[in-house]
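# Notes for the structure review
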Amino acid sequence: MSRPTRRQAIGVATGAAASIALVGTAATSPGAASAAPGKTEAPAPGPAPFDEVFQGRRIEGAPAAADAHAHGQAHAQGHAGNDAVYRVWIDGRELHVMQHGSSGWSSAINHYERFATPLDTARTAVASLKGAHVVPFDHTA
């Protein structure tokens, strides 16, 4: 019987390593051991609503329904395929925020920075505005 080639041996080793990694990931995933049979886990909720005063400015944030997209709001969220959008206001004026998958949130003010939550995004926008007002975002322009 002939010996296996180097390519065949690497293929077998890679397949075995991938199988072990897949089994290890499934065993350590959250909820894998805690979920009872026949019960489905609820999806993780989005960011919590907030309403606070930060550096003398009132910042508010809350999830909005998907129909907000039909009224021209949260245009970027529609491209991401999310069912819910998140809206943020600074002193009653809307700050356009965007979620970038799992990499975080950004705003029209701090577009090139990522933040963990919409609250962090709003606080940084307030600091960046230095007293100026938020200008309405027009995604059709």
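Residues numbered from 1 in each chain as written. Predicted model: local features only at pLDDT ≥ 70, side-chain atom pairs only at ≥ 80, totals over all residues. Heavy atoms only, no water.

By the naming in an unreviewed UniProt entry, the protein chain is Tyrosinase, taken from Streptomyces californicus. Checking UniProt for the protein chain, the heading Sequence similarities (unreviewed entry) contains the comment "Belongs to the melC1 family." (UniProt positions renumbered as here; feature names shortened; annotations may be inferred.)

Under the definition given, this model contains five salt bridges. In this structure, E52 engages R123 in a salt bridge whose closest nitrogen and oxygen atoms are separated by 2.9 Å. In this pair, E52 is assigned in strand β1 (residues 50-54) and R123 in helix α3 (residues 118-129), connecting sequence segments 71 residues apart. Here R58 makes a salt bridge to E60, at a shortest N to O gap of 3.4 Å. Put simply, D51, R58 and E60 are held in one network by salt bridges that share partners. (Salt bridge = Lys/Arg side-chain N within 4 Å of Asp/Glu carboxyl O. Helix = DSSP H or I, 4+ residues; strand = E, 2+ residues; numbered from the N terminus.)

For the rest of this paragraph, the subject is the nonpolar core. Among the nonpolar cores identified, the biggest contains 14 residues, and F50, I59, V88, I90 and L95 are the most heavily contacted of them. Mapped onto this core, the elements with two or more residues apiece are β3 (85-90) and α3. Apart from residues no more than four positions distant in its own chain, F50 is found in contact with I59, E60, G61, Y86, V88, P118, L119 and A122. (Core = buried A, V, L, I, M, F, W, Y, C linked by side-chain atoms within 4.5 Å. Buried < 20%, exposed > 50% of the residue type's maximum accessible area, 1.4 Å probe, protein only. Contact = heavy atoms within 4.5 Å.)

Residues with a pLDDT of 70 or more make up 61% of the protein chain, whose mean pLDDT is 74. The weakest mean pLDDT in the protein chain belongs to helix α2 (residues 75-80) at 42; the strongest belongs to β1 at 92. Every residue in residues 67-83 scores below 50 in pLDDT, and together they form 23 contacts with partners more than four places removed in sequence or on other chains. (pLDDT = per-residue confidence, 0-100.)

So, on to the side chain of R57. Inspection of the secondary structure puts R57 in strand β2 (residues 57-64). Given the relative accessible area of 9%, R57 is considered buried. From its side chain, R57 meets the backbone oxygen of A132 in a polar contact 2.9 Å long. Dropping the residues within four chain positions of it, R57 is found in contact with E52, I90, D91, V126, L129, G131, A132 and H133. (Polar contact = N/O pair within 3.5 Å; in protein donor to acceptor, adjacent residues only side chain to side chain.)

Moving on, we come to the packing of aromatic side chains. Scanning the model with the defined rule gives two aromatic pairs in all. Ring centres of F50 and Y86 lie 6.3 Å apart, and the angle between their planes is 25 degrees; this geometry places the pair in the stacked category. Placement of the pair is F50 in strand β1 and Y86 in strand β3, with a sequence separation of 36 residues. For the pair formed by F50 and Y86, the shared burial category is buried. Where Y86 meets W105, the ring centres are 5.8 Å apart and the plane angle is 65 degrees; that geometry is what we call edge-to-face. One end of the pair, Y86, is in strand β3; the other, W105, is in strand β6 (residues 105-107), and 19 residues separate them in sequence. Each member of the pair, Y86 as well as W105, carries the same accessibility label: buried. (Phe/Tyr/Trp six-rings, centres within 6.5 Å; stacked < 30°, edge-to-face > 60°.)

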